[in-house]
Amino acid sequence: MGSPVVSNSRTCMKHLCTWVVNPLYFRPGLPQHNIMLAVRFIINPHTQFYSTEGGKQAQLHSRVTKEKGFTPRTRPAFPSPVFAAGTAKKTAEFMKKKAGMATEEPSNNTPVRSRGSLKVALPDHPLTTSEWAKFKEGSSKPERFEVQMMEGLLAANADVNIAKSLLAYVVQDKGTLSYELLLRYLTLCVTAGHHSEVFDTYDIMRTCFKTLDTGASALFIKGFSQTERWREALAVLEGMKKALLPSPRNYGDAIAGAVLHGDIETSWKLYDELLEQGLVPNQDTWQCLFQSGITQRGQEDKLFSVLSYLRDNQIYPEEPLIKTIKAWFESLPDQKWSGKFSFVALSGECKNCKASLESIQLTEEEYAHLKDEVMKKVIEGSDIFNKTTPEELKSFKSFVKQRSPFDIVIDGLNVANATPKATHSETLLAVVSELEQQGLNILVLGRKHMLQPTRNWDRQNMNKIKQKAHCFFAENISEDDPFLLYAALHSGVHCNFLSRDLMRDHKACLPDSATRRLFFKWQRGHQLVISHYVPGKRVRFQRISAYDTIVQTSGSSWHIPYDENGRDRATYEVPQKWLCLTQEQ
């Protein structure tokens, strides 16, 4: 037989406070009239229940269909540049297939278990306490039953009233509600937008617990920001600051609340505070601000400063943000901006407006700064002699001084392993010969074992290489990357280098993000990679990009590179799609 219900969910939830604060107040076996006084939140399966979201009955197991983005253009038939977005993933998949390690795609009939899902089926309607007790009997982990069940309801986006009936059962079974269980319930309410339940849970947890952890605080900031009580999210944010630095997500939720309720001044105040704390805003925070700029004027300078921030920090908008930026530009009154999604040729010409983008080459000041930092941190760093010896480094510096400037520096061992279809020395000789025909002053870096005649290292081939290029062979235990960087940077801005090594470890040694971005820019403008080589035929190299992939403007135009939906980009890759914005004159 079901228990009586009080239809006012706000009143019902607040009675839970008594059970959490004083678990002795309610215990199974107490007289029935005491239970009636304490329990105002037990579900009768025959009673109609309603969610506070929009006043409509909650839908079970709802699904939100994701909006499809525009379809990417077909990839070109020639090899993708090494720094192009998606190349790393494509290469990894190719290597797996080549090694016979490709993973099979799961069939449509294969169930995918999400985090928090349960082996036991979830109920599709609120249960009585006796029904929950029977449900628990089938649990493999009865001590974790309530938490696991709440996680399952959350994963299934289930009716909030099922979760309420679970809480009622736990109260009757244990006489209290744990912090962990309430936190899972709060997550469900915030995720599904059940605002009244969020308010009730806030009142309970603030009354019953001395402090809230960061997880609960973050959920309350998000939950309150979506409601008329959004300013209370700011109070929670302030309270969080006393214990730790709030996250960009916490600030972003508070900013979204201010924007949603028309307080633009507060939204930008929070945004400025976020930047002052050294945090990087989330993409949806920028999207929210640009969206507000479409409907509320007077924010143009602030929003242009966001674009400058993206440029200075080499951040690429994702597709939802770039669409909002496009809409914002086109909404500016009397400015006649028009946006098109475009590509940029390797020469640096925009396919849409035919404008030339900024050069990838560093300025003299940038180059001098980068050279100085690489010399200090990579070449002369505290661990340099783990990679070489003082005598070897001194000898190499003298070698470079006498023979530089070089036009290209080759990572000999790396290049020699470019193909399994030829011996190492044959491959290296072919590469050196191709570059020599271009009249270049070449430096080949290698290791001394390459001079020992073996099947892979033919003496005659190595002698020909030494005739065509300057060669420096380090000890077998030495690392050649620092030597490569030293020789290339010492030779001047015109010098390129040839290697498949992406130098990520050396970039990480640099002291700050600005210098690391300079290194990446220099690398993209100077690193050659073999694109195709078949023994007996010409060696072909990928063209070095002539332009910088960065937010840029000429005044009457903007070009913004962005990440396409579904295109995985490694940290050392750059997007290939651009938003081209032009202004009618």
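The protein has the name Mitochondrial ribonuclease P catalytic subunit in an unreviewed UniProt entry, where Culter alburnus is given as its organism. As its UniProt record puts it under Sequence similarities (unreviewed entry), the protein is described as follows: "Belongs to the PPR family. P subfamily." In its Subcellular location (unreviewed entry) section, the UniProt record describing the protein reads: "Mitochondrion".

Caption draft 1: Spotlight on the sheet that holds strand 1 (residues 337-342). With antiparallel pairing, 4 strands are arranged side by side in an open sheet as 1-11-10-9. Among the strands making up the open sheet, the edge pair consists of strand 1 and strand 9 (552-553). Bridge count for strand 10 (residues 557-562) against strand 11 (residues 577-583) is 6 bridges, and the pairing is antiparallel. Residue pairing across strands places P561 opposite W578, the latter belonging to strand 11. On top of the sheet, helix 16 (residues 319-331) reaches strand 1, strand 10 and strand 11; it is set at about 155° to strand 1, its chief contact.

Caption draft 2: Region of the structure containing the environment of F199. Here F199 is to be found in helix 9 (residues 195-208). Spatially, the C-alpha atoms of F199 and R229 are 9.2 Å apart, while their sequence positions differ by 30 residues.

Caption draft 3: Inspection of the packing of helix 20 (residues 424-436) against helix 21 (residues 459-468) at higher detail. The geometry of helix 20 relative to helix 21 is characterised by a closest axis approach of 9 Å and an angle of 25° between their N-to-C directions. Judged by the angle between their axes, helix 20 and helix 21 are roughly parallel. Crossing of helix 20 against helix 21: the hand is left-handed. When helix 20 is examined against helix 21, the residues S425, E426, L428, L429, V432, S433 and E436 are found in contact with a partner set consisting of N461, M462, K464, I465 and K468. Among the residues making up the contact of helix 20 with helix 21, the classes are represented as 5 nonpolar, 3 polar and 4 charged.

Caption draft 4: Region of the structure containing the packing of aromatic side chains. Per the counting criterion, the structure on display carries 26 aromatic pairs. Here the aromatic residues F290, F304, W328, F329, W337 and W558 are joined through ring pairs into a cluster of three or more. Here R229 stacks its cationic end above the ring of F199, 4.2 Å away from the centre of that ring. The ring of F520 carries K507 above its face, with NZ or CZ at 4.6 Å from the centroid.

Caption draft 5: Representation of helix 10 (residues 214-225) within the structure. In this model helix 10 runs 16 Å from its N-terminal to its C-terminal C-alpha over 12 residues, within 8% of the 16 Å that 1.5 Å per residue would give. Listed as buried for helix 10 are A216, S217, L219, F220, I221, G223, F224 and S225. Residues of helix 10 that are buried sit in contact with helix 8 (179-192), helix 9, helix 11 (231-241) and helix 12 (248-260).

Caption draft 6: Spotlight on the pattern of salt bridges. In this structure the tally under the stated criterion is 24 salt bridges. The residue D173 makes a salt bridge to K136 at a minimum N-O spacing of 3.7 Å. A residue pair is termed long-range when its members are at least 10 positions apart, and D173 in helix 7 (residues 160-174) and K136 in helix 5 (residues 129-137) qualify at 37 residues. One salt bridge in this structure joins D372 and K376, with 3.5 Å as the shortest N-O distance. Of this pair, D372 and K376 both sit in helix 17 (residues 364-379), 4 residues apart, which is roughly one turn of that helix. Among the residues examined, K376 registers a relative accessible area of 41% and is labelled partly exposed.

Caption draft 7: Spatial organisation of the confidence of the model for the protein. Confidence along the protein averages 83 in pLDDT terms, with 79% of residues attaining 70 or more. Long-range and interchain partners of residues 1-11, a stretch whose pLDDT sits below 50, account for 23 contacts in this model, where long-range means more than four residues apart. Confidence over residues 102-118 falls short of pLDDT 50; this stretch has 12 contacts with residues more than four positions distant or in other chains.

Caption draft 8: A look at the pairing of strand 3 (residues 442-447). The buried count for strand 3 comes to 6 of 6 residues, which makes it a mostly enclosed element. The alternating pattern of strand 3 places I442, V444 and G446 on one face and L443, L445 and R447 on the opposite face, and all of these are buried. Strand direction decides the pairing type here: strand 3 and strand 4 (residues 470-474), joined by 5 bridges, are parallel. Bridging from a neighbouring strand, L445 pairs with F472 of strand 4. For the segment spanning strand 3, helix 21 and strand 4, crossover handedness is right-handed.

Caption draft 9: Seen up close, the sheet that holds strand 2 (residues 408-411). Here we have 5 strands laid out as an open sheet, ordered 4-3-2-5-6, and parallel in their pairing. At either margin of the open sheet sits one strand with a lone partner, and together these are strand 4 and strand 6 (527-528). Judged from the 3 bridges that link them, strand 2 and strand 5 (residues 496-498) form a sheet pairing that is parallel. Within strand 5, the position partnered with I410 by the bridge is L498. This element, helix 18 (residues 390-403), spans strand 3 and strand 4 of the sheet and lies at about 175° to strand 4. Contacts from helix 22 (residues 481-491) reach strand 2, strand 3, strand 4 and strand 5, with the element oriented near 175° to strand 2.

Rules used in this analysis
- Residues numbered from 1 in each chain as written.
- Predicted model: local features only at pLDDT ≥ 70, side-chain atom pairs only at ≥ 80, totals over all residues.
- Heavy atoms only, no water.
- UniProt positions renumbered as here; feature names shortened; annotations may be inferred.
- Pairing = 2+ DSSP bridges.
- Helix = DSSP H or I, 4+ residues; strand = E, 2+ residues; numbered from the N terminus.
- Contact = heavy atoms within 4.5 Å.
- Axes fitted to C-alpha atoms, helices over the stretch in contact; angles between N-to-C directions.
- Parallel < 35°, antiparallel > 145°, perpendicular 65-115°, else oblique.
- Left-handed = near helix turned anticlockwise from the far one by under 90°.
- Nonpolar A, V, L, I, M, F, W, Y, C, P; charged D, E, K, R; others polar.
- Phe/Tyr/Trp six-rings, centres within 6.5 Å; stacked < 30°, edge-to-face > 60°.
- Lys NZ or Arg CZ within 6 Å of the ring centre and 35° of its normal.
- Expected span 1.5 Å × (residues − 1).
- Buried < 20%, exposed > 50% of the residue type's maximum accessible area, 1.4 Å probe, protein only.
- Salt bridge = Lys/Arg side-chain N within 4 Å of Asp/Glu carboxyl O.
- pLDDT = per-residue confidence, 0-100.
- Right-handed = clockwise from strand over helix to strand, strands pointing away.

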